[in-house]
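Observations on the model geometry
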Amino acid sequence: MGHALNNTIQDIYIRFKKMQGFEALWMPGTDHAGIATQNVVEKKLASEGKNKESLGREGFLKEVWKWREEYGSTIINQLKRLGCSCDWTKTRFTMDKGLSDAVLEVFIRLYKKNLIYRGHYIINWCPRCKTALSDEEAQHRDVNGMLYHIKYPVEGGGHVVVATTRPETMLGDVAVCVNPKDKRYKHLKGKTAVLPILNRKLKIIFDKKVDPKFGTGILKVTPAHDPVDFELGNIHKLEPINMMNADGTINEAGGDFKGMDRLEAREAIIEELKERDLFVKSEPHKHAVGHCYRCHTMVEPRLSKQWFVKMKSLAKPALEAVKKGKIKFYPKRWTKVYINWMENIRDWCISRQIWWGHRIPVYYCRKCVQNDKIQNEEGIIVSRIKPDRCPHCGSTEIEQDPDVLDTWFSSWLWPFSTFGWPEKTEELKYFYPTNVLVTAQEIIFFWVARMIMAGMEFMKDIPFEDVYIHGTVRDDTGTKMSKSLGNIIDPIDVINQFGSDALRFSIISITAQGQDVFLSPEKFKVGRNFANKLWNASRFVMMNLKEESIKKDLCRAPDDPALTLADKWILSRFYEMLGDFTKSLTIYRINDAANRIYEFVWHEFCDWYLEIAKSTITQPHTQVTLYRILEKSLRVLHPIMPFITEDIWQRLPREHDADSIMITNLPRMQKEFISKKVDSEMKLLIDVIQAIRNLRATSHIKHDKQVDVFIKAKKKNIPSILNANITYINKLARVGNLNASTRMKKPPHSAVSIIDNMEIFI
RNA sequence: GGGCGGGUAGUUCAGUUGGUUAGAACGGUUGACUUACAUUCAACAGGUCACAGGUUCGAGUCCUGUCCCGCCCACCA
C-alpha cells in the first residue's frame, strides 16, 4: 500500500503537468533487490528440495532470472492497475545492460579517485542472509536485554567483574580494559586476567574509552565483534579472535560451544559460569540492537574484509546543493534530517556476500595474494572484464571477487544511468536534472541522499529539484504495514473491491502533507462514494443534455444577462476551486487539492446547483452551465481519478479535438468569473434555505407540507435579493408564500430563527 | 544521549503568514424511497484545542516550561 500511495502521488503530478502542457516523463522501473530476491529464491528452492550450493553460482542465477521473469512484473502490473501513466517503452531494471555498465564505470572511476577501498573492519553481519550490511541496512530497535556480570579470575589471586550484554562474545575476548583514572582498579596494572572456561590469558589494558560509570567499569575486549573493542585492539596491538561462523554459530575458537547458535551459546555459557561460581548477576538492560532490514534477524558486529566507499568528499557538494536551496524537501523538516546525516556521514560498506547483483569488478592474482593478505594493492586488478594476466607478475591465475555490490550502488545512479550515462545521450541532456522525486522517509538515506551525491559527482549537477516525502502507511492501530507482519492491505484487493479511482482518491484525501497514513479497508469508501456521486451526477446531466443547446460560447458569460444567479455562482465557485486546486498541488498539499474538488463537486455542484438546475433544466443557460461545469470538473479531477473521468468524458458531447481526456489541457483560469458579490448573494439564499429547513425540522413539519415564511431583514437589499430568487427558496425549502421586508412584526403562532441580518418566521 | 512528529468532537484527523461563531469524515440521534445517486438527501447533538505560565487589542496557531504517545539517529560494553 505504500507503493500505491507513492505511485498515486507520482501519477497525479505526471498527469497534472501533462495537462498543463509540459512534456512530463515518468520512467518506470525496478531494482533487483539483491538480498530480498536472493532470499525469496532460496526459499523457493528449499521448498523444492534444492539449494543454491548444489546449483552453483551460474545455475542459481539462472533460477533468479527465471523467478524475476515470472514474478518481477508484479510491480509493473500493479502500476498499470493503478492507472499510472508511465512511459512503458522506457521501463528500466537495475540489472539491465546499460545500467550495469554504469555501475562498472562508477566503481572504476571511484576506485581510481581513491574513493573506493578494501578494508578489514567491524561491519554489520546478518547471520541469516550471511552477508555484510551497510549501517543503514542494520536498523536499530530497542531490545529489553540483560546486562550480565561475570567474574574473570586474575592471575595471582582475586578476580575482576566485567559487565556485558553479549556473554557469548567472551569466546573472542583478548583483553580486559579499565579507565586509567579509575582508582578502584589501579592494582590491576601489569596483571593478567584469565578467560573463564577457555582459560585464555587476557592482558589487562588501560584506556579512557572505558566509562567507569557503566556496569562495573571493566570492559571485556572482543576486537572481532565490537566496534569499540576493535579500536582498542588496534591501539593496544591485540590480535582479534573471530569466534563466529557466517551463520551465527560458534566456530572452533569457541571450544566445546562450537556449532551452537550464538544465542544458544549464550544460555549454555551462563549455565556453565553459574556452575563454576563465576556468574555474579544479571540485570535488565534496555539497549538498541541492529536488525537486518530484510529478514529482521539480529545482526552481529563482525570483523570482516569488505569494500567501502569513502563518503566525506562525495557528501560535500551534495550537502551544499541542499543548503543553498537548489534541492528542496517537502515538508521542509526533512532538510534538517538530511543535513544532519550528511554532516556525520560514514563510509559505505558496498560488498555483499550474495550472488544476485552486480559482481564486484575486482580480480585477484593468486600469486600476488599470499595467505589472503594483500600487500600494497598488488594483486588487486580493477577491471571491466577479466584480465588475462596479472599486470604485476604476469600470472594467469586470476579470479574475480566473489561478492556483489549493494543494490543501492546501482540505484543511486538511477537519475542518469537510465538515460544511457556515461554516454551523452539526447535524453540525458533533455531530461536531466529532473523535477521531482516522490518517496518515503525511510528512503532518504538509502536512496535520496546517495542519488544527490552521485548526481553531483558524475553529472556535476543535482538529480532533481524537489523531494516530496510522503508519510508511512500504517494500519489503524498505527503499526507500519509490512509483509512480514501480515498487516498489509493489498492494493489489488482494494482495486477489485472499490476500484482504482476509489483507492487513489481515498488514500490521497486522507494523507496530509508528510503525515503518516492510518488505513483500514473502511476508509476506501470515501473514494468509492465520491466516484458513485460523480457518476450519478454525470448521468443526470447527460440524461437532460441536448447537444445543440450547449454549443454556446461562455466567454462573455460573466455579463451574460441570460445567466441566473445560480449559474454565475457555480461558475464563480468553480474558478475559485480551480485556483485553490492548482495552488495546492504546486506546493505539494495534495490532500487539500483532492478535498477541495470533492467539496466543490459534491457540496456545491451536486447539493445546490443541480437541485436548482432541475427547475430550469431545459433552458439554454442551465444546459450550457451544467455541461461546462461538469466537463471542466472532469478535467480538473482527472489527475486524481483518471478512469472514471475518462469514461464519463468519452460519453459527453465532444468539443475538443482530443480523443482522450488524458491529452486535454486543464481548464484555463478565468478570474473574471470569480465574483464576491455573486457568492455573497447566493450564500444569503443558502443561509435562508437552511434556516427554514432547520425550523421545519425542529417544528416537526412534514417534509411535503408547504409553509409560509416571513422574513424581517435588517438590510435594505436583502428583500430584493430574496424576491428575485424566490423560486429557489420555494423549491428547496418547500415554501408557499414568502414575505420579506425590513419592517415586520412577528406573526402569531410562529417559530423563529435568527441568522445574520434577519429574523425568519414560519 | 541527540533530533523530529504528534496530543483539537465518541473515533480518525484538517485548521497554511495570530483575526469574527474552531471544521470535515466516520460514528450517534431524528426525519425522508423529494422524478441522478440509500454508496443518497435533510436536520440535530458532540470541543476548557494535553497542562501551566508568558507575548498580544486578540492565541488552537507565537515563546518558555511540564506531562504523555510515536518515530528517527547515536560504538555506553
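Residues numbered from 1 in each chain as written. Chains lettered and ligands numbered in written order. Predicted model: local features only at pLDDT ≥ 70, side-chain atom pairs only at ≥ 80, totals over all residues. Heavy atoms only, no water.

Remarks on the pattern of salt bridges
What counts is decided by this rule: Every case where a carboxyl oxygen of Asp or Glu lies within 4 Å of a side-chain nitrogen of Lys or Arg is listed as a salt bridge. Numbered from the N terminus, helices here are DSSP runs of H or I no shorter than four residues, and strands are runs of E no shorter than two. Note on classification: 1.4 Å probe, protein chains only; a residue is buried when its accessible area is under 20% of the maximum for its type, exposed when over 50%, partly exposed between these limits.
Taken as a whole and assessed by the stated rule, the structure comprises 42 salt bridges. We note a salt bridge from Glu168 to Arg266, for which the minimum N-O separation is 2.8 Å. Of this pair, Glu168 sits in the loop between strand 6 (159-164) and strand 7 (175-178) while Arg266 sits in helix 7 (residues 262-275), and the two are 98 residues apart along the sequence. Note that Arg276 is salt-bridged to Glu272, the shortest N-O span being 2.8 Å. Overall, Glu272 belongs to the partly exposed group, its relative accessible area being 24%. The network of salt bridges with common partners includes Arg166, Asp226, Arg262 and Glu300.

Things to note about the sheet that holds strand 18 (residues 398-400)
Each strand in a sheet pairs with another by means of backbone hydrogen bonds, the pair being arranged parallel or else antiparallel. Convention followed: Strands pair, by our definition, only if DSSP identifies at least two bridges between them. Axes, fitted as lines to C-alpha atoms, cover a helix only where it is in contact. Angles between the N-to-C directions of the axes lie from 0 to 180 degrees.
Read across the open sheet, the three strands follow the order 17-16-18; overall the sheet is antiparallel. Because the sheet does not close on itself, it has two edges, and the strands there are strand 17 (380-382) and strand 18. Averaged over all pairs of adjacent strands, the angle between their axes in this sheet comes to 30°, without regard to strand direction. Relative to strand 18, strand 16 (residues 362-365) is paired through three bridges, and the arrangement is antiparallel. For Cys365, the partnering residue across the bridge sits in strand 18 and is Ile398.

Quick notes on the nonpolar core
As a reminder of what qualifies: We define the nonpolar core as a collection of buried residues of types Ala, Val, Leu, Ile, Met, Phe, Trp, Tyr and Cys that are connected through side-chain atoms lying within 4.5 Å of one another. Throughout, a residue-residue contact means that at least one pair of heavy atoms, one from each residue, lies within 4.5 Å.
Core analysis: the biggest nonpolar cluster contains 112 residues, and Met1, Phe605 and Leu722 have the highest contact counts within it. In terms of residues, this core owes the most to one element, helix 18 (residues 590-613), which gives 15 residues. Not counting the four nearest positions on each side in its chain, Met1 is found in contact with Val473, Met481, Ile489, Asp490, Pro491, Val494, Leu503, Ile507, Leu519 and Phe524. Core analysis: the second largest hydrophobic core is formed by 65 residues, Ala321, Ile350, Val369 and Trp414 among them.

A look at the environment of Gly215
With respect to the helices, strands and loops of the structure, Gly215 is situated in the loop between strand 9 (201-206) and strand 10 (218-221). C-alpha separation for the pair Gly215 and Asn725, spaced 510 residues apart in sequence, amounts to 83 Å. When sequence neighbours within four positions are dropped, the list of residues in contact with Gly215 reads Leu147 and Ala163.

Description of unusual backbone geometry
The residue after Trp421, namely Pro422, is reached through a cis peptide bond having omega 10°. Relative to the helices and strands, Pro422 resides in the loop between helix 11 (414-417) and helix 12 (426-431). Here the residue pair Tyr432 and Pro433 is connected by a cis peptide bond, since its omega of 0° sits within 30 degrees of zero. Structurally, Pro433 can be placed in the loop between helix 12 and strand 20 (434-440). Unusually for a residue other than glycine, Ala33 sits at a positive phi of about 45°. Turning to its location among the elements, Ala33 is positioned in the loop between strand 1 (29-30) and helix 2 (34-47). Residue classification places Ala33 among the buried residues on the basis of a relative accessible area of 16%. Even without being a glycine, Lys130 presents a positive backbone phi close to 55°. You can see Lys130 is positioned in the loop between strand 3 (116-126) and strand 4 (131-133).

Section: the protein's contact with RNA strand B
The criterion, for reference: Whether a residue is near a molecule or strand depends on its heavy atoms: it is near if one of them lies within 4 Å of it. N or O atoms closer than or at 3.5 Å make up a polar contact, with two conditions inside protein: a donor-capable atom paired with an acceptor-capable one, and, for residues adjacent in sequence, both atoms drawn from side chains.
If you check the shell around RNA strand B, you find 43 residues, and the closest are Val228, Arg346, Asn532, Arg539 and Trp602. Atoms of RNA strand B within 4 Å of the protein: sugar and phosphate make up 64%, bases the balance. Asn529 is positioned such that a nitrogen or oxygen atom in its side chain is 3.1 Å from a phosphate oxygen of RNA strand B. Within the contact set of RNA strand B, a base nitrogen lies 3.3 Å away from a side-chain nitrogen or oxygen of Lys614.

Observations regarding the packing of aromatic side chains
By convention here, two paired aromatic rings are described through the distance between centres and the angle between planes. For clarity, the cut-off: Classification of ring pairs rests on two measures: the distance between centres of Phe, Tyr or Trp rings, Trp counted by its six-membered ring, which must be within 6.5 Å, and the angle between planes, read as stacked under 30 degrees, edge-to-face over 60 and tilted in between.
Going through the model one piece at a time under the given rule, you end up with 40 aromatic pairs. Arranged with centres 4.6 Å apart and planes meeting at 45°, the rings of Tyr330 and Tyr588 form a pair that is tilted. Of this pair, Tyr330 sits in strand 13 (residues 328-330) while Tyr588 sits in the loop between helix 17 (565-586) and helix 18; the two residues are 258 residues apart in sequence, bridging distant segments of the chain. Looking at Tyr588, the relative accessible area reads 6%, which means it is buried. For the ring pair Phe530 and Trp602, a centre distance of 6.5 Å and an interplane angle of 15° mean the geometry is stacked.

Regarding the side chain of Arg262
Along the chain, Arg262 turns up in helix 7. Accessibility expressed as a relative area gives 5% for Arg262, which makes it buried. A polar contact is formed between the side chain of Arg262 and the backbone oxygen of Met298, at a distance of 3.1 Å.

Brief notes about helix 14 (residues 491-498)
Selection criterion: Comment: arc refers to directions from the helix axis out to C-beta atoms.
The set of residues buried in helix 14 consists of Pro491, Val494, Ile495 and Phe498. Seen end-on, helix 14 carries its buried residues on one side only, within an arc spanning 100°. Those residues of helix 14 that are exposed and angled more than 90 degrees off the buried face are Asn496 and Gln497. The inward-facing, buried residues of helix 14 abut helix 1 (2-19), helix 4 (74-82), helix 15 (500-509) and helix 16 (525-544). The first or second residue beyond helix 14 is Gly499, which carries a positive phi of 105°.

With respect to empty space enclosed by the protein
Let me state the cut-off plainly: Grid spacing is 1 Å over the protein atoms alone, the probe is 1.4 Å, and a cavity is where that probe fits but cannot get out, while a pocket is an open set with protein on both sides within 12 Å along at least five of seven lines and lining residues have an atom within 4 Å of a point. Grid points are joined across faces, edges and corners, and a volume is the space filled by probe spheres set on the points. Ten residues, namely Ala, Val, Leu, Ile, Met, Phe, Trp, Tyr, Cys and Pro, are considered nonpolar, four, namely Asp, Glu, Lys and Arg, are considered charged, and the remaining ones, Gly among them, are considered polar.
In the structure shown here, the tally under the stated rule is one cavity of 30 Å³ or more. Space inside the largest cavity adds up to approximately 50 Å³. Class assignment of the residues belonging to the lining of the largest cavity gives a composition of six nonpolar, three polar and no charged.

A short note on the sheet that holds strand 13
Reading across from one edge, 13-21-20 is the order of the three strands in this open sheet, with parallel pairing throughout. Edge strands, defined here as strands with exactly one partner in the open sheet, are strand 13 and strand 20. Taken over all neighbouring pairs, the strand axes of this sheet differ in orientation by 20° on average, direction set aside. The pairing of strand 20 with strand 21 (residues 464-470) spans six bridges and is parallel. Bridge assignment links Val436 to a residue of strand 21, and that residue is Asp466. Against the sheet, helix 13 (residues 444-459) touches strand 13, strand 20 and strand 21, its axis set at about 165° to strand 20.

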